[in-house]
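Commentary on secondary and tertiary structure
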Amino acid sequence: MFTLKGVRFKQIINIPSLEIPDAKITGIVGESGSGKSTLLKLLNHLTSYDEGTIELNGKAIEQYDPVELRRQVVMLPQTPVLYAKTVKDNLLIGLHFSEKPPVSDQELKRMLEVVHLDKALEDNAETLSGGEKQRLALARVLLMDPPVFLLDEPTSALDEGLEDAVMNGFFNTIKERCKTVVMVTHSLNMARRYCDVLVNIRPFTMKGDEHE
């Protein structure tokens, strides 16, 4: 899926080599400031690296059309962008950006159930709590159904019990569809429970591997 060789970005990222497999859940862990979120942005070219190469399925990411790349490799930031509209509008906007047709209200409600968000489609998204907004954003990217999901601390606003329920539903759906996930998480317990591969990012140094 992704192959990184000699990748450096400022004084943040230094990765001699890294393979991220297809159809697996890869967890990115490490201390604060080690470049975990930056790594996600490099994978869909939201950030350009200074040295090295990153390939997606054998093709350098610079050779992809940026819009098409970000439809294939969808990133969900820790603080997702929601719109001052209804829950339904916020779910459908992802399909619009992906140039996919709208789905039925029944399917929208099913996605909300997957992420344990008990809200009506007509509810105002602005009134949601931080954790509810994260779950709505998770449901939105599930509907977009890209080949690759990049998740940056997707449940940071949830307590442990709800976090487990939400991610269990999310990852069960992902595995049924044979999708690829690269997830930054502060929770080693969640990473070990759900991830097939763990990558430990360490702070930048000029020598030696920056992951293990």
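Rules behind the numbers
- Residues numbered from 1 in each chain as written.
- Predicted model: local features only at pLDDT ≥ 70, side-chain atom pairs only at ≥ 80, totals over all residues.
- Heavy atoms only, no water.
- Helix = DSSP H or I, 4+ residues; strand = E, 2+ residues; numbered from the N terminus.
- Contact = heavy atoms within 4.5 Å.
- Pairing = 2+ DSSP bridges.
- Axes fitted to C-alpha atoms, helices over the stretch in contact; angles between N-to-C directions.
- Parallel < 35°, antiparallel > 145°, perpendicular 65-115°, else oblique.
- Left-handed = near helix turned anticlockwise from the far one by under 90°.
- Core = buried A, V, L, I, M, F, W, Y, C linked by side-chain atoms within 4.5 Å.
- Buried < 20%, exposed > 50% of the residue type's maximum accessible area, 1.4 Å probe, protein only.
- Salt bridge = Lys/Arg side-chain N within 4 Å of Asp/Glu carboxyl O.
- Patch = residues over 30% accessible without salt bridge, like charges linked within 9 Å, V, L, I, M, F, W, Y side chains within 5 Å.
- Areas by Shrake-Rupley, 256 points an atom, 1.4 Å probe, with all protein chains shown as cover.
- Disulfide = S-S within 2.5 Å.

Named according to an unreviewed UniProt entry, the chain is ATP-binding cassette domain-containing protein originating from Scopulibacillus cellulosilyticus.

**Things to note about the environment of Met75**
With respect to the element layout, Met75 can be found in strand 6 (residues 73–76). Spatially, the C-alpha atoms of Met75 and Leu40 are 7.6 Å apart, while their sequence positions differ by 35 residues. If sequence neighbours within four positions are ignored, Met75 has contacts with Ser37, Leu40, Lys41, Asn44, Leu46, Leu150 and Asp152.

**Topic: the sheet that holds strand 2 (residues 13–20)**
If you walk across this open sheet you meet the 4 strands as 2-1-4-5, and the pairing is antiparallel. What marks the edges here is a single partner per strand, and that holds for strand 2 and strand 5 (59–60). As defined by bridge partners, strand 4 (residues 51–56) adjoins strand 5 across 2 bridges and the pair is classed as antiparallel. Note that in strand 5 the partner of Leu56 across the bridge is Lys59. Along the sheet, helix 1 (residues 36–43) makes contact with strand 1 (2–9), strand 2 and strand 4, crossing strand 2 at roughly 60°.

**As for the packing of helix 4 (residues 105–114) against helix 5 (residues 130–144)**
Contact geometry for helix 4 and helix 5: axes closest at 9 Å, N-to-C directions at 125°. Between helix 4 and helix 5, the interaxial angle falls into the category oblique. Once helix 4 is placed against helix 5, the crossing between them reads as right-handed. Residues Glu107, Leu108, Met111, Leu112 and Val114 of helix 4 form the contact with helix 5, whose participating residues are Leu136, Ala139, Leu142 and Leu143.

**Here we look at the nonpolar core**
Counting residues in each nonpolar core, the largest one holds 38 residues, and the members touching the most others are Leu91, Leu151, Met167 and Phe170. No other element matches helix 5, which puts 8 residues into this core. Apart from residues lying up to four places away in sequence, Leu151 is in contact with Leu40, Leu76, Leu138, Met167, Phe170, Val181, Val182, Met183 and Val184.

**Concerning unusual backbone geometry**
Located in the positive-phi region is Asp145, a residue other than glycine, with phi close to 55°. Mapped onto the fold, Asp145 is located in the loop between helix 5 and strand 7 (148–152). The phi angle at Glu153 is positive, at roughly 45°, despite the residue not being glycine. Position of Glu153 relative to the elements: it lies in the loop between strand 7 and helix 6 (160–177).

**Focus on the side chain of Thr185**
Secondary-structure assignment places Thr185 in the loop between strand 8 (180–184) and helix 7 (188–194). Those residues in contact with Thr185 that sit more than four places away from it in its chain are Ile28, Val29, Glu153, Met190 and Ala191.

**Considering the pattern of salt bridges**
In this structure the tally under the stated criterion is 7 salt bridges. Residues Arg177 and Asp145 are paired through a salt bridge, measuring 3.2 Å at the closest nitrogen-oxygen approach. Taken together, the residues Arg177 in helix 6 and Asp145 in the loop between helix 5 and strand 7 connect sequence positions 32 residues apart. Overall, Arg177 belongs to the partly exposed group, its relative accessible area being 26%. Judged by its relative accessible area of 27%, Asp145 falls in the partly exposed class. Salt bridges sharing common partners tie together Asp145, Arg177 and Lys179.

**A few points about a nonpolar patch on the surface**
Side chains of Val81, Tyr83 and Phe97 sit close together on the surface and give an oily, nonpolar patch of about 290 Å² of accessible area. Within the fold, Phe97 resides in helix 3 (residues 87–97).

**Re the state of the cysteines**
For the structure shown, the criterion picks out 0 disulfides. Cys195 takes part in no disulfide bond, and the closest cysteine sulfur to it belongs to Cys178, at a distance of 17 Å.

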